Amino acid sequence: MQENDWIASDRFIEDHLIRSDEAQGETLRANAAAGLPKIDVSTAQGKFLHLLALSIGARKILEIGTLGGFSTVWLARALGPDGRIVTLEFDPKHAEVARANVAREGVAARVDLRVGAALDLLPKLRAEGFGPIDLAFIDADKENNANYFDWALEFSRPGGLIVVDNVIRAGAVADLANMDPMAVGSRALFDRVADSKRVTATALQTVGTKGWDGFLIARVN
Ligand code: SAH
Ligand code: DHB
Ligand code: MG
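Summary of the structure given here. (Residues numbered from 1 in each chain as written. Chains lettered and ligands numbered in written order. Predicted model: local features only at pLDDT ≥ 70, side-chain atom pairs only at ≥ 80, totals over all residues. Heavy atoms only, no water.)

### Focus on the pairing of strand 2 (residues 84-89)
Argument step 1. The buried fraction of strand 2 is high, at five of six residues.
Argument step 2. Pairing of strand 1 (residues 60-64) with strand 2 involves five bridges; the strand directions are parallel. Opposite glutamate 63, over in strand 2, you have threonine 87 as the bridge partner.
Argument step 3. Of the crossover connections in this fold, the one passing from strand 1 over helix 4 (residues 70-76) to the parallel strand 2 is right-handed.
Argument step 4. With five bridges joining them, strand 2 and strand 3 (residues 111-115) adopt parallel strand pairing. Residue pairing for strand 3: glutamate 89 is matched across the bridge by valine 115.
Argument step 5. This β-α-β element, strand 2 to helix 5 (residues 92-104) to strand 3, shows right-handed connectivity. (Buried < 20%, exposed > 50% of the residue type's maximum accessible area, 1.4 Å probe, protein only. Helix = DSSP H or I, 4+ residues; strand = E, 2+ residues; numbered from the N terminus. Pairing = 2+ DSSP bridges. Right-handed = clockwise from strand over helix to strand, strands pointing away.)

Here it is in structure tokens:
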């Protein structure tokens, strides 16, 4: 089975390259105990986000879609003690679980978790003078991906990165006949990025414990 091979290879990556002190086993256990959907980034993907943030020396990050904070912690660990990640979450129960995870992992001082619909919270951040950001990770309701890209672009510094999760969806996004709202939303993101002269972008397909999916990565010119 192809999918079993993908999972076995993710395990192999984890066994070799992810130390037990960074694997966040407790975060994933707490998420499962609270009944959160298992849609966090994979461990290998979380470390990839961590590496991206480290590579650009990120000090300020915006995340849209916190869930239990698994990706938040990977990103927060790439920030120095003076760095900040603002993470936006619609579901108060998800946010409560995330707060506990972020505290247990020792990064609470770097994490500013806001509860509400991202499209309501983003204008408030602008009014606060938020930004410029070094990195944005967009991983919430896919229907709004193009809107979230616009906001991320507005907050970004030149050279900053915008990363969007789940832009392949097992081929559904590239299948123009597929009218699933999440596929349509990510298709609109590709159109928006293609039309933008302000970014240099590509997307990478991934396989593993999350099945067949991928990230869009854009660098702000
Ligand atoms: N980034 C997380 C996974 C996020 S799952 C990780 O990898 O660990 C997507 C999250 O987006 C869910 O928790 C969901 O409640 C949240 N979400 C959905 N619609 C939203 C909205 N309009 N505003 C903010 N968050 C939203
Ligand atoms: C879904 C959302 C995600 O962010 C993800 O990584 C996988 C699946 C979903 O809503 O189906
Ligand atoms: Mg996702």
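### With respect to helix 8 (residues 181-195)
Argument step 1. The end-to-end C-alpha separation of helix 8 is 21 Å, in line with the 21 Å expected for 15 residues at 1.5 Å each.
Argument step 2. Listed in full, the buried residues belonging to helix 8 are Ala183, Gly185, Ser186, Arg187, Leu189 and Val193.
Argument step 3. Contacts made by the buried residues of helix 8 are with helix 7 (145-155), strand 5 (156-165), strand 6 (199-206) and strand 7 (213-220). (Expected span 1.5 Å × (residues − 1). Contact = heavy atoms within 4.5 Å.)

### Quick look at the side chain of glutamate 89
Argument step 1. Looking at the secondary structure, you find glutamate 89 in strand 2.
Argument step 2. With no salt bridge to any partner, buried glutamate 89 finds its closest opposite charge in lysine 142, at an N-O distance of 10 Å.
Argument step 3. Looking at glutamate 89, its side chain comes within polar contact range of the main-chain nitrogen of threonine 66, at 3.1 Å.
Argument step 4. Of the polar contacts made by the side chain of glutamate 89, one reaches the backbone nitrogen of leucine 67; its length is 2.9 Å.
Argument step 5. With sequence-adjacent residues up to four places away left out, glutamate 89 is seen in contact with Gly65, Thr66, Leu67, His94, Ala95, Leu113, Arg114, Val115 and Gly116. (Lys, Arg positive; Asp, Glu negative; His and termini not counted. Salt bridge = Lys/Arg side-chain N within 4 Å of Asp/Glu carboxyl O. Polar contact = N/O pair within 3.5 Å; in protein donor to acceptor, adjacent residues only side chain to side chain.)

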